[in-house]
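Report on the structure
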Amino acid sequence: MKGIYPDSVHETANGSVMMVNLGDRDALVATDKTLGFRGKEAGDRLECELTHENAVALRAAFPFTAPVRVLTRDRTMGVGDRLGIATPGHIRAFRAFPGVSPVFAQQSIRELTLTNRTFDDVLDAASFAVFREGFTGGFGADGDHLKTPKEVDYALSCGYTMITLDCSEHIRAGVTDENCLERYEPMPELENLYLDRSFEVGEGVRVSFGERAFKKTALIYAEAVRFAASIYHDMIASPSGDRADFEMSIDETAAPTTPAEHFFVASELDRLGVRAATVAPRFCGEFQKGVDYIGDLAQFEQELRAHAAIARRFGYKLSIHSGSDKFSVFPAIGRETRGRFHVKTAGTNWLQAMLLIAERDPELYREVHAFALTAFPEARKYYHVTTDLARVPALSGLSDAELPKLFEMNDARQLIHITYGLILNQPHLRDRLYAAWRRDAAALDALVAGHIERHMKTILGA
């Protein structure tokens, strides 16, 4: 419906600024012409497109639309928006759970590449949505899974307030209990600190480093910690205070992070003067995209208890990556972290958007699904999933009314989940999808909000 978004009307010293729905797009309308907006003169006002230039002016004029550092707050959740249209729904969810603080702008370089977007694009979309909805609670911006100094500098230069450093390329693979002794090269400084020593973490948690455990741990993680420390001190820390919240991610590995290994990483970060806001271990079991946890729940809860104690010992929060739809482990996460956590979700919002297409435009959904089947082998190169396409029902055997049920099936969810980038790079699909989402924007907001609210409710036990 065309018209003014009522929560977007903001008075200034010299007039007002608001956002309006023009049917095929949104725009800013400003009667205050002193704020640096660029647009078309329309009588006593400017009609301004939602460009990067105008996003910069918006953040300067209305600071609540600029990202802030939020990880010092107890409960935070990243809700990456790959489409640039999910933030209104996210805002509704966070308003329902004001004790959880959002990171609205959260994207990795991989996601930017697959969607042909930039960090500016992602942040601008969040800022415009925050202004439109009048959300003044503060939000973060996360340069997610960054691997190089160049990528970190890119995110910081765009004003991102959180850096998630992916250390996977500095974590040594293939180290086992059997080969660690022969592969180990002397590390005298670390040996003096950890070899044949035990440490009382607290809360009944104790870790030990016999010869084999120490050498295996040092082989796997020592280089990654040194890399994290160099990035932190060279690019994040400054005499006046850190430039951004810093997270060390060690979750993109094949082998889980044991509590002893987590303690080693945390202790070394502390020794090297790295003030991490969050650390993301690789938990036991599988945190695959778009589906619930796969693994032994009892083992997960036992190890999570130790991981949470280590995080408290060193003064940071646990970060749970690929947190979308992990409903079976959410109660344990809320309980064992004592309500201090950072959970990342992303692709689940894309799935809600595609569920809406299945419900409202089955013909378009069938085209997208058919393309996804052909694109799946390429998409699978980017993600670890155990999808079996043989378990995805043939569309020819499903009525239009049955299409939404595909989103209750793990294999069908993962098929659509990981092919998003290839789908969105097909103009004949992309343009029709965005037109459909705009046409049914209220329904999309409700789906996204309800789904994220379910995440929060389950974690918090509300």
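What you are looking at is a predicted structure, and each value in this text was computed from that prediction instead of being measured.

Further remarks concern the environment of Val122. Its location among the elements puts Val122 in helix H4 (residues 119–133). Residue contacts for Val122: discarding those within four places in its chain leaves Ala105, Gln106, Gln107, Leu112, Arg117 and Tyr160.

Here we come to the packing of helix H9 (residues 259–271) against helix H10 (residues 297–314). The geometry of H9 relative to H10 is characterised by a closest axis approach of 10 Å and an angle of 10 degrees between their N-to-C directions. When the axes of H9 and H10 are compared, the pair comes out roughly parallel. Contact residues: H9 offers Pro259, His262, Phe263, Ala266, Ser267 and Asp270, while H10 offers Glu303, Ala306, His307, Ile310, Ala311, Arg313 and Phe314. Among the residues making up the contact of H9 with H10, the classes are represented as seven nonpolar, three polar and three charged.

Turning our attention to the pattern of salt bridges. Following the criterion strictly, the structure yields 36 salt bridges and no others. With its nearest N and O atoms 2.8 Å apart, the salt bridge here joins Arg275 to Asp242. Here Arg275 is found in the loop between H9 and strand S14 (278–280), whereas its partner Asp242 is found in the loop between helix H8 (211–236) and strand S13 (245–249), with 33 residues between them in sequence. By relative accessible area, which is 14% here, Asp242 ends up buried. Each of Asp26, Arg132, Glu133, Arg438 and Asp445 takes part in salt bridges that share partners, so that together they form one network.

Another aspect to go through is the pairing of strand S8 (residues 101–108). With respect to burial, S8 is a largely interior element, eight of its eight residues being buried. In this structure, strand S7 (residues 75–79) lies alongside S8, joined through three bridges in parallel fashion. By the bridge assignment for S8, Thr76 is matched with Ser101. A crossover connection joins S7 to the parallel S8 through helix H2 (residues 87–96); in handedness this β-α-β unit is right-handed.

Core analysis: the largest hydrophobic core is formed by 145 residues, its most contacted members being Met248, Phe300, Trp350, Met354 and Trp437. Take this core: its biggest share by element is 15 residues, from H8.

Our focus in this paragraph is the pairing of strand S9 (residues 140–146). Strand residues, when the strand is regular, have side chains that alternate between the two faces of the sheet. Summarising burial for S9: seven of the seven residues are buried, a large majority. The pairing of S8 with S9 spans five bridges and is parallel. The residue of S9 that forms the bridge with Ser108 is Asp144. Sheet analysis places S9 next to strand S10 (residues 162–166), joined by three bridges and oriented parallel. Among the inter-strand pairings, Asp142 is bridged to a residue of S10, identified as Met162. Taken together, S9, helix H5 (residues 149–157) and S10 constitute a β-α-β crossover, and its handedness is right-handed.

A few words on H10. Two residues of an α-helix separated by three or four positions point the same way, owing to the 3.6 residues in each turn. Across its 18 residues, H10 extends 26 Å between first and last C-alpha, which sits within 8% of the 26 Å expected from 1.5 Å per residue. Looking at the packing, one finds that the buried side of H10 touches strand S11 (197–202), strand S12 (205–209), H9, strand S15 (317–320) and helix H11 (330–336). One or two residues past the end of H10 sits Gly315, with phi positive at roughly 80 degrees.

Spatially, S7-S8-S9-S10-S13-S14-S15-S16 is the arrangement adopted by the eight strands of the closed barrel, whose pairing is parallel. Direction aside, neighbouring strands of the sheet carry axes that sit 25 degrees apart on average.

Moving on to the side chain of Asp445. Take Asp445: it is sitting in helix H17 (residues 441–460). Under the relative-accessibility criterion, Asp445 is labelled buried at 11%. Once you skip the residues sitting within four places of it in the chain, Asp445 turns out to touch Ile85, Pro88, Gly89, Arg92 and Arg132.

Quick look at unusual backbone geometry now. The backbone of Glu203 shows a phi angle near 60 degrees, a positive value even though the residue is not glycine. Assignment of secondary structure puts Glu203 in the loop between S11 and S12. The phi dihedral of Ser322 falls on the positive side, at around 50 degrees, and the residue is not glycine. In this fold, Ser322 is placed in the loop between S15 and H11. Classification of Ser322 by relative accessible area gives buried; the value is 17%.

Analysis parameters
Residues numbered from 1 in each chain as written. Predicted model: local features only at pLDDT ≥ 70, side-chain atom pairs only at ≥ 80, totals over all residues. Heavy atoms only, no water. Helix = DSSP H or I, 4+ residues; strand = E, 2+ residues; numbered from the N terminus. Contact = heavy atoms within 4.5 Å. Axes fitted to C-alpha atoms, helices over the stretch in contact; angles between N-to-C directions. Parallel < 35°, antiparallel > 145°, perpendicular 65-115°, else oblique. Nonpolar A, V, L, I, M, F, W, Y, C, P; charged D, E, K, R; others polar. Salt bridge = Lys/Arg side-chain N within 4 Å of Asp/Glu carboxyl O. Buried < 20%, exposed > 50% of the residue type's maximum accessible area, 1.4 Å probe, protein only. Pairing = 2+ DSSP bridges. Right-handed = clockwise from strand over helix to strand, strands pointing away. Core = buried A, V, L, I, M, F, W, Y, C linked by side-chain atoms within 4.5 Å. Expected span 1.5 Å × (residues − 1).

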